[in-house]
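Analysis of the macromolecular model
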Amino acid sequence: MTIFLRNRRSWAAGTATALALASLAALAGTATPASASGRATTATATAGASVPGTAAALKPASPAASAPPASGDPAAPAALTLPRPTGPYATGRDTLFLTDHERTDPWVPAAGPRRLLVSLHYPARPGSGGGSAPYMPEAEARLMLAQRGLDDPEWPGLVAATRTFSRTDARPAPGRFPLVLLSPGFGTPRATLTGLAEELASRGHVVATADHPYESTGTELPDGRVLTCAACDEVAAQPDDAARRKVLAAVSAGRAADFSFLLDRLTGPRPAWRHARTIDARRVGMAGHSIGGNAAASTMAADRRVDAGVNMDGTFFDPVAARGLGGRPFLMLGTDPDHAPGSGDTSWDEGWARLDGFKRWLTVRDSGHFTFTDTPAIGEQLGVVDPDAPLSAARSTTITRAYVTAFFDRSLRGRPARLLDGPTPAHPEVLFQRR
């Protein structure tokens, strides 16, 4: 992925590091930090050398478009905003900090038990609750942007303050709703799936999005410490691609254990969430971006409670189980041509052959690896463009929402989903590779 910045100063810093790690970043399906110590740090920590995805260089694009004005300019944007959810429900958001005392953290054993930070979006009563839920802590935004080679000092505050459409302390809407688990890409904070989580919640799902500590550029704990990406360091330290793939397979399998623990804490006899009664534990789905999409298949293989899964542009480092997924439905939604049949990522061809329930393999023209996250919407507002992925933020959002929600409506609610039957003029970018 090559990133261009409109009307910005030179962004040459980090280019050499990006070149050195380009093959690793491509393998992981996401940008990989050049330096991401697993030690807990204060909230003022920095990310080390900048790595702009798989970019060979960062440079200004056409001066025709303008970037956000400089600090002090009265025209400077007060805030960025996510796309508004389209469903009939208002949305609320809670945050859980959970500790699994049965498991030691796999990346930093000295840290003790495995911990999870979880955002819970849910259908809410209109007009209830406090202010808009925050998008992400500024420390997390700073680390994420630095990893992508975006070092404007104003941007972490702007990104952290991105407007969401969920309210804190909102009262749940009456009823019980399917649960959808979301897992972000490797090295990427959970906040980058907020737009999809809000859309699903507005359409009548409870959505639990997990940060997996030491697998993101930064995870801020409730006490203010920030955990950086020890798993990224582990991948980068491997001698060859085969060894790196083995570590990334362990990431996916480890996330399956994280989500089984989370399901226990959300649907067990003593649930950790105050509104757990709104969850219908008989209807559970999971979706993820990049390695989070691999984790959806890994979790389904390990836990029969997950009824359906979606992989958004993730390599199956942990292969789909040879025995299949017990007839449960699965959607593969990826970039075109990178995830078309016979492309360089053969894990999709192999995974497709093993899926044994309702399944669809869709690719999206003009898309990029981060098309299925909040990155296009936030990037456009910051003046960041990717000429290798010209699909607009509006189309990226519309397509991701339409196909993921249609899949879960069909799989968890038994509703008709004609969108999954074949190509439609409403979405000409979406190609049906297999049905």
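For the structure itself, look to the data block above.
These notes cover the structure that comes with them. (Residues numbered from 1 in each chain as written. Predicted model: local features only at pLDDT ≥ 70, side-chain atom pairs only at ≥ 80, totals over all residues. Heavy atoms only, no water.)

1. Notes on the pattern of salt bridges
Summed over the entire model, instances satisfying the criterion amount to 21 salt bridges. Between Asp94 and Arg274 there is a salt bridge, and its shortest N-O distance comes to 2.8 Å. Of this pair, Asp94 sits in strand 4 (residues 90-104) while Arg274 sits in the loop between helix 6 (241-267) and strand 11 (279-289), and the two are 180 residues apart along the sequence. Classification of Asp94 as buried rests on a relative accessible area of 9%. The class for Arg274 is partly exposed, based on a relative accessible area of 48%. Glu215 is the salt-bridge partner of Arg114, the closest N and O atoms lying 2.9 Å from each other. Of this pair, Arg114 sits in strand 5 (residues 113-124) while Glu215 is found in the loop between strand 8 (206-211) and strand 9 (219-220), placing the two residues 101 residues apart along the sequence. (Salt bridge = Lys/Arg side-chain N within 4 Å of Asp/Glu carboxyl O. Helix = DSSP H or I, 4+ residues; strand = E, 2+ residues; numbered from the N terminus. Buried < 20%, exposed > 50% of the residue type's maximum accessible area, 1.4 Å probe, protein only.)

2. What to know about the pairing of strand 14 (residues 359-365)
A regular strand places its side chains on the two faces of the sheet in alternate fashion. With six of its seven residues buried, strand 14 lies for the most part within the structure. Relative to strand 14, strand 13 (residues 330-336) is paired through seven bridges, and the arrangement is parallel. Counted as the bridge partner of Gly334 is Thr363 from strand 14. One crossover worth recording links strand 13 to the parallel strand 14 by way of helix 8 (residues 346-354), and it is right-handed. As judged from the four bridges shared by strand 14 and strand 16 (residues 430-434), these two strands associate in the antiparallel manner. Counterpart to Leu362 in the pairing with strand 16 is Phe432. (Pairing = 2+ DSSP bridges. Right-handed = clockwise from strand over helix to strand, strands pointing away.)

3. Concerning empty space enclosed by the protein
Taken as a whole and judged by the stated rule, the model has one cavity of 30 Å³ or more. Taken as a whole, the largest cavity spans an internal volume of roughly 120 Å³. Looking at the lining of the largest cavity, the elements with two or more residues in it are helix 4 (194-202) and helix 10 (393-413). (1 Å grid on protein atoms, 1.4 Å probe; cavity = no way out; pocket = protein on both sides within 12 Å on 5 of 7 lines; lining within 4 Å. Points joined across faces, edges and corners; volume = space filled by probe spheres on them.)

4. Regarding the environment of Arg225
The topology assignment puts Arg225 in the loop between strand 9 and strand 10 (226-227). The exposure class of Arg225 is partly exposed, given its relative accessible area of 33%. The spacing of Arg225 and Ala139 is 86 residues in sequence and 9.6 Å in space, taken between C-alpha atoms. Polar side-chain contacts of Arg225 include one of 2.8 Å to the side chain of Asp223. (Polar contact = N/O pair within 3.5 Å; in protein donor to acceptor, adjacent residues only side chain to side chain.)

5. A word on the nonpolar core
Counting 39 residues, the largest nonpolar core has Val118, Leu179, Leu181, Leu262, Leu266, Trp273 and Phe330 as its most contacted members. If we skip the residues at most four places from it in the chain, Trp273 touches Asp94, Leu96, Leu120, Tyr122, Val206, Arg265, Leu266, Thr278 and Ile279. Listed in part, the 29 residues of the second largest apolar core include Leu196, Leu200, Tyr403 and Phe432. (Core = buried A, V, L, I, M, F, W, Y, C linked by side-chain atoms within 4.5 Å. Contact = heavy atoms within 4.5 Å.)

6. Digging into the packing of aromatic side chains
Scanning all chains against the criterion turns up seven aromatic pairs. Among the aromatic residues, ring-to-ring pairing joins Phe316, Phe330, Trp348, Trp352 and Trp361 into one connected group. The ring centre of Phe370 lies 4.4 Å from the NZ or CZ of Arg148, which sits over that ring. For the cation-ring pair, Lys359 lies above Trp352, with the distance from its terminal atom to the ring centre recorded as 4.3 Å. (Phe/Tyr/Trp six-rings, centres within 6.5 Å; stacked < 30°, edge-to-face > 60°. Lys NZ or Arg CZ within 6 Å of the ring centre and 35° of its normal.)

7. Here's the deal with the environment of Val118
Relative to the helices and strands, Val118 is located in strand 5. Under the relative-accessibility criterion, Val118 is labelled buried at 0%. For the pair formed by Val118 and Thr209, sequence separation is 91 residues and the distance between their alpha carbons is 5.5 Å. Here Val118 is in contact with Asp94, Thr95, Leu96, Leu98, Arg190, Ala208, Thr209, Ala210 and Leu262, once residues within four sequence places are set aside.

8. Considerations on the packing of helix 6 against helix 7 (residues 291-302)
Helix 7 packs onto helix 6 with a crossing angle of 55° between their chain directions and a minimal axis gap of 8 Å. Here helix 6 lies oblique to helix 7, going by the angle between them. The handedness of the crossing between helix 6 and helix 7 is right-handed. Counted together, Leu248, Val251, Ser252, Ala253, Arg255, Ala256 and Phe259 of helix 6 and Ile291, Gly292, Asn294, Ala295, Ser298, Thr299 and Ala302 of helix 7 form the full contact between these two elements. When grouped by side-chain class, the residues that make up the contact of helix 6 with helix 7 number eight nonpolar, five polar and one charged. (Axes fitted to C-alpha atoms, helices over the stretch in contact; angles between N-to-C directions. Parallel < 35°, antiparallel > 145°, perpendicular 65-115°, else oblique. Left-handed = near helix turned anticlockwise from the far one by under 90°. Nonpolar A, V, L, I, M, F, W, Y, C, P; charged D, E, K, R; others polar.)

9. Examining the pairing of strand 5
Among the 12 residues that make up strand 5, 11 are buried, leaving the element largely enclosed by the rest of the structure. Of the strand pairs in this sheet, strand 4 and strand 5 are connected by 12 bridges, and their pairing is antiparallel. Its bridge partner lying in strand 5, Ala90 is registered against Ala124. Bridge analysis of strand 5 against strand 8 gives five bridges, and the strand direction is antiparallel. Across the sheet, Ser119 pairs through a bridge with Thr209, a residue of strand 8.

10. Examining unusual backbone geometry
Residue Asp336 is joined to Pro337 through a cis peptide bond whose omega torsion reads 10°. Inspection of the secondary structure assignment puts Pro337 in the loop between strand 13 and helix 8. For Ser290, which is not glycine, the phi torsion reads 60° and is therefore positive. Relative to the elements of secondary structure, Ser290 occurs in the loop between strand 11 and helix 7. Under the relative-accessibility criterion, Ser290 is labelled buried at 1%. The residue Asp366 is not glycine, and still its phi comes out positive at about 65°. Along the polypeptide, Asp366 turns up in the loop between strand 14 and helix 9 (375-382). The partly exposed category is assigned to Asp366, whose relative accessible area is 43%.

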